Amino acid sequence: MQKKSPKAKVTIIAESCKGMDDCGICRFVCPKDLFEACKEMNATGYYPPEIKDESDCSGCQNCMICCPDFAIVAEKKTDGAPNSLEDEDAEQ
Amino acid sequence: MSTSTHPLKKYTRSHIMRTTTCPGCGIGTVSQAILRAIDELELDMDDFVFVSGIGCSAWIPSPFYNADTLHTTHGRPIAYATGVKLGLPDKHVMVVSGDGDLTAIGGNHLIHAARRNIDLTVVLVNNGIYAMTGGQTAPTTPRGLTTITSPHGTLEHTFDISPMIAAAGASFVARWTTYHPRQMTRSIKKGIQKKGFALIEAVSQCPVQYGRASNLGDAVSMLTYFKDNSVRISKTQKMDAAELQSKIVVGEFVDTEKAELTTELAQVKNKLRASP
């Protein structure tokens, strides 16, 4: 089967992250469930996430917008899919 | 490793590597919403003065934002901001602080700034508890919640901030939770552009203090709670008071145009100068 191309390039800034165990907001807001805990600890003692399979990324940028520690960058490659967080009045 | 930098990093002081908040705290999400609003409006950080008080959320602008920041005494950021705005009416003056700071200790400043309709943008981060000092009962704590100062559950009723400020006469009032960061950004944009008093109440999770007190636990379960319990203001007309008791009403409460204090003051000054 042909691999899908990811809609965004997701970069995790490991040194800013406060860990999947204590925070985990990225895993919660990702509609494709792409985040899993990394086995490598960062300089402040937290385990930042890593991306399981980037090709599934829908480009919604939820992870970047919700990350409280400015630790995720999601650069859109093409027009992303509509986000999964409630955004009923987006067209206003 | 990629060398990508965060698109909002250009608005923060370069020597500050990470936020000061606990893991999972919603304050960072609100911080991003503010910077994203400024970014989308293409405004210059040099045109802003950020004023904050004391508490966790007062750390949002100071020292993180690369702009003029004023970290003031407990409860008084709106009083300082009023002075800044009257002295420098061309600046965008934004107050970023918490519920304990702005509604408990500085409650009257908030109400009267709304009554005066002075052109301030107030981002009020409401986590429902005094988090920085160890989880004491705040006026915004839900009734019945057991905290370290209310071991048998708090007996007091909860302060409903947004409707109160709407009643006090603000030009723009909106409430969102950290589960609604896009809507929050949109409301902050409207608040900055509004000539008049704008309040954006950001209901935020405190997994450390509130999470423990309410047994909601971690950040993710608190966000799930916000997701399940927030109701759009447009849908509340059909609901009765009992139904709404445990809900978080989100949306834009007020969006109106009315006479603004600094403009009125300038007009009076011009009139007096013109008269012999």
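Refer to the structure printed above.
Residues numbered from 1 in each chain as written. Chains lettered and ligands numbered in written order. Predicted model: local features only at pLDDT ≥ 70, side-chain atom pairs only at ≥ 80, totals over all residues. Heavy atoms only, no water.

(A) Here's a closer look at the sheet that holds strand S2 (residues 68–71) of chain B. All names here are of chain B. A sheet is described by the order of its strands in space; here eight strands give the open sequence S2-S1-S3-S4-S6-S5-S8-S7, paired in mixed fashion. A single partner strand is all that each edge strand has here, and the edge strands are S2 and strand S7 (230–232). Geometrically, the sheet is characterised by an average inter-axis angle of 20° between neighbouring strands, direction not taken into account. Of the pairings in the sheet, the one linking strand S4 (residues 121–126) to strand S6 (residues 198–203) comprises six bridges and is parallel in character. (Pairing = 2+ DSSP bridges. Helix = DSSP H or I, 4+ residues; strand = E, 2+ residues; numbered from the N terminus. Axes fitted to C-alpha atoms, helices over the stretch in contact; angles between N-to-C directions.)

(B) Structural context of the pattern of salt bridges. Residue and element names in this part refer to chain B. Enumeration according to the criterion identifies 11 salt bridges over all chains in this entry. With a shortest N-O distance of 3.3 Å, Lys-195 and Asp-119 are connected by a salt bridge. Separated by 76 residues along the polypeptide, Lys-195 in the loop between helix H6 (181–193) and S6 and Asp-119 in the loop between helix H4 (107–116) and S4 bring together distant segments of the chain. What makes Lys-195 partly exposed here is its relative accessible area of 38%. For Lys-194, the salt bridge goes to Asp-255, with nearest N and O atoms at 2.8 Å. With a gap of 61 residues between them, Lys-194 in the loop between H6 and S6 and Asp-255 in strand S8 (residues 248–255) connect regions that are remote in the sequence. Each of Lys-85, Asp-119, Lys-195 and Glu-260 takes part in salt bridges that share partners, so that together they form one network. (Salt bridge = Lys/Arg side-chain N within 4 Å of Asp/Glu carboxyl O. Buried < 20%, exposed > 50% of the residue type's maximum accessible area, 1.4 Å probe, protein only.)

(C) Layout of the layout of surface pockets. Residue and element names in this part refer to chain B. Roughly 870 Å³ of internal volume is contained in the largest pocket. Residue lining of the largest pocket: 26 residues in total, with Pro-142, Thr-158, Gln-245, Ser-246 and Lys-247 positioned closest to the centre. Where the lining of the largest pocket is concerned, the elements lending two or more residues are S6, helix H7 (210–214), helix H8 (219–229) and S8. With three residues, H8 is the largest single contributor of residues to the lining of the largest pocket. Each residue belonging to the lining of the largest pocket can be placed in one class, and the counts come to 11 nonpolar, 10 polar and five charged. (1 Å grid on protein atoms, 1.4 Å probe; cavity = no way out; pocket = protein on both sides within 12 Å on 5 of 7 lines; lining within 4 Å. Points joined across faces, edges and corners; volume = space filled by probe spheres on them. Nonpolar A, V, L, I, M, F, W, Y, C, P; charged D, E, K, R; others polar.)

(D) Broad picture of the packing of aromatic side chains. Counted by the stated rule, this structure contains six aromatic pairs over all chains. Each ring, one from Phe64(B) and one from Tyr65(B), has its centre 6.4 Å from the other, and the planes form 40°; the classification is tilted. According to the relative accessible area criterion, Phe64(B) is buried, its value standing at 6%. Using a relative accessible area of 0% as the deciding quantity, one classes Tyr65(B) as buried. What links up through ring pairs into an aromatic cluster is the set Phe70(A), Phe48(B), Phe50(B), Phe64(B) and Tyr65(B). (Phe/Tyr/Trp six-rings, centres within 6.5 Å; stacked < 30°, edge-to-face > 60°.)

(E) Spotlight on the interface of chain A and chain B. Taken together, the contacts link 36 residues of chain A with 39 residues of chain B. On inspection of chain A and its partner chain B, the count reaches zero salt bridges. In this assembly, chain A and chain B are joined by nine residue pairs in polar contact (both at pLDDT 80 or more). Of all elements in the fold, only strand S1 (8–12), helix H1 (25–29), helix H2 (62–66) and strand S4 (72–76) of chain A reach the threshold of two or more residues within the side of chain A that touches chain B. With four residues, the single largest contributor to the side of chain A that touches chain B is H2(A). Of the residues in the side of chain A that touches chain B, the class split is 17 nonpolar, nine polar and 10 charged. (Contact = heavy atoms within 4.5 Å. Polar contact = N/O pair within 3.5 Å; in protein donor to acceptor, adjacent residues only side chain to side chain.)

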